Amino acid sequence: MTIKRNQSITWSDVMQNNYGAPSITLTSGKGLVVTDINGKRYLDFLGGIATNVLGHAHPAIVKAVSKQIATLGHVSNLYSHPAGLELAQKLISLTQDPTARVFFCNSGAEANEAALKLSRKTGKSRIVATNNSFHGRTMGALSLTGQPEKRNPFKPLIKNIKHVTFGDITQMRKAVNSKTAMVIVEPIMGEAGVIVPPLGYLKQLRDMCNEHGVLLVFDCVQTGMGRTGTWFGYEDEKIRPDVITLAKGLGGGLPLGAMISLGSNTPQFAPGEHGTTFGGNPVAVAAGLAAISVIEKNRLMISAKSFEKRLKIKLEVIRGVTEVRGRGLLIGIGLNGNYAKELAGLLADRGILVNAPNANTIRIAPALIVTKVQIDKFINIFTQCMQEVIRG
Ligand SMILES: *Cc1c(COP(=O)(O)O)cnc(C)c1O
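One numbering rule holds for all chains: residues counted from 1, following each sequence as written. Given that this is a predicted model, residues contribute local features only at a pLDDT of at least 70 and side-chain atom pairs are listed and counted only at 80 or more, while totals for whole chains, interfaces and linings are drawn from all residues. Hydrogens and water molecules were not included; the side-chain quantities draw on all heavy atoms of the structure.

Pairing between strands is defined by DSSP: at least two bridges between the two strands are required. Labels follow the DSSP assignment, with helices taken as runs of H or I lasting at least four residues and strands as runs of E lasting at least two, numbered in each case from the N terminus. Within the open sheet, the 7 strands sit side by side as β4-β10-β9-β8-β7-β5-β6. Their pairing is mixed. Two strands close off the open sheet at either side, each with one partner strand: β4 (101-105) and β6 (161-164). Across the sheet, the axes of successive neighbouring strands diverge by a mean angle of 20°, strand direction being ignored. Note that strand β5 (residues 126-130) and strand β7 (residues 180-185) share 3 bridges and pair parallel. Residue pairing in the sheet places V128 in a bridge with V183 of β7. What makes two residues a contact is simply this: any of their non-hydrogen atoms within 4.5 Å. A fitted line through C-alpha atoms serves as each axis, taken over the contacting stretch for helices, and the angle formed by two N-to-C directions is quoted from 0 to 180°. In the packing of helix α9 (residues 201-212) onto the sheet, the strands contacted are β5, β7 and β8 (215-219), and the crossing angle to β8 comes to about 150°.

Structure follows, in structure tokens:
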């Protein structure tokens, strides 16, 4: 289907400059292939930043969204609706904790805001997070985020939030005591460049939080919904947090977030204490249900694991690549110099979309429906571009 749009509007004439003007304007997509305004096609290996788990225009999403919007649109949170209850029930079953309870919102920042507010219900206010972490841009979520360049222009932020080195349990133990309300960590730091903590770290955090009666929050916004080969990014360590935050892949490409409390001792909001108008919108949750169902039916988490192995084997041997980090289809490719932005630009010229979360890392987070042929095409073009960048 083609949609007619006025194609002469330029970014800088109408948009605020918070992102800088993007150099590519996309007009359509099907699966992993997206097309820009000039008709150039790209293989989308960023997936809307780990968001389009089923790629673009997936028939199951199109059907679910069309059916829902044709049946019942937005209802506000004054009313319940079947799709919302069904997705909440599904998420609870994925956590394997029948006492889990779901709060729906619209984004990752909002999910973390909800977790932050929930932590106040412990009667305590001290929080420990990690350096370089990313938890969102709203003032509460930004206060949790451990990246000075994002924080500094907006100080003063929320007080009593300490940041320690990610993956270092000794530092974490020094910062946490029984006065701490919550510890929030990404199971794998996404925006920081796909940083995987040492195996055992998450379990050590669990033990430490149990010891001091501290809420453990795992921000699974980027690592959730099957991307890392399990439903939630922490599952390899066989422990559970007290709170999970989700967004990105949760809505199958539509805006949807969730804050899930686990365990019957985790605090809960009382009626009226928290809310959001659009959270759990019927159309967004219908898309989320469709995405989960396709991930299960097509065993996409299993293929994510096998593509991880293939990508690591093939990419690690390329000259200039220092390491290949990550799990499932959230992969960071470490480079031996600060040319990631240049490389990402060259890849875009050659028809592959990726991003550079920092100067020496390329991140890929393709849709989970990616095929072996597309994975190999990426590896080939990446190899060629690396040769050119290193030679040039
Ligand atoms: C993207 C991201 C967020 C923020 O999500 P938004 O939907 O952009 O607000 C929070 N935490 C993590 C780990 C993320 O990757």
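Moving on: the packing of helix α3 (residues 59-71) against helix α10 (residues 282-297). In a packed pair of helices, the relevant descriptors are the angle between the two axes and the axis-to-axis distance. α10 packs onto α3 with a crossing angle of 150° between their chain directions and a minimal axis gap of 8 Å. Put simply, α3 runs roughly antiparallel to α10. Relative to α10, α3 is oriented so that their crossing is right-handed. When α3 is examined against α10, the residues A60, I61, A64, V65, Q68 and I69 are found in contact with a partner set consisting of P282, V283, A286, A287, A290, A291 and V294. Charged residues are taken to be Asp, Glu, Lys and Arg, nonpolar residues to be Ala, Val, Leu, Ile, Met, Phe, Trp, Tyr, Cys and Pro, and polar residues to be all remaining types, Gly included. Of the residues contributing to the contact of α3 with α10, the split by class is 12 nonpolar, 1 polar and no charged. Just so you know how the angles are binned, under 35 degrees is roughly parallel, over 145 roughly antiparallel, 65 to 115 roughly perpendicular, and the rest oblique. Left-handed describes a crossing whose near helix is turned anticlockwise from the far helix through less than a right angle; right-handed describes the clockwise counterpart.

Once that is clear, we can look at the environment of G272. Structurally, G272 is set in the loop between β10 (257-261) and α10. For G272, a relative accessible area of 79% translates into the label exposed. Along the primary structure G272 and Q222 are separated by 50 residues, whereas in three dimensions their C-alpha atoms are 29 Å apart. The cut-offs for exposure are 20% and 50% of the maximum accessible area for each residue type, with area from a 1.4 Å probe on protein chains only; residues under the lower value are buried, those over the upper are exposed, and the others partly exposed.

Turning our attention to helix α11 (residues 300-316). An expected span of 1.5 Å times one less than the residue number is assigned to each helix. Over its 17 residues, α11 runs 24 Å from end to end, which matches the ideal 24 Å to within 8%, given 1.5 Å per residue. For α11, the set of buried residues is L300, M301, S303, A304, F307, E308, L311, K312 and L315. Of the surrounding elements, those touching the buried residues of α11 are α10, β11 (321-327), β12 (330-335), β15 (361-364) and α13 (372-391).

Before going further, it helps to spend a moment on the pairing of β12. With respect to burial, β12 is a largely interior element, 6 of its 6 residues being buried. With burial as the criterion, each face of β12 is covered, one bearing L330, G332 and G334 and the other bearing I331, I333 and L335. Here β11 runs beside β12; their pairing, made up of 6 bridges, is antiparallel. Bridge pairing links V321 to L335 in β12. Count of turn residues in the β11/β12 antiparallel hairpin: 2 residues, of which G328 carries a positive phi of about 60°. Inspection of the sheet shows β12 paired to β15 by 4 bridges, in the antiparallel sense. Each residue of the ladder has a partner; that of G332, found in β15, is R363.

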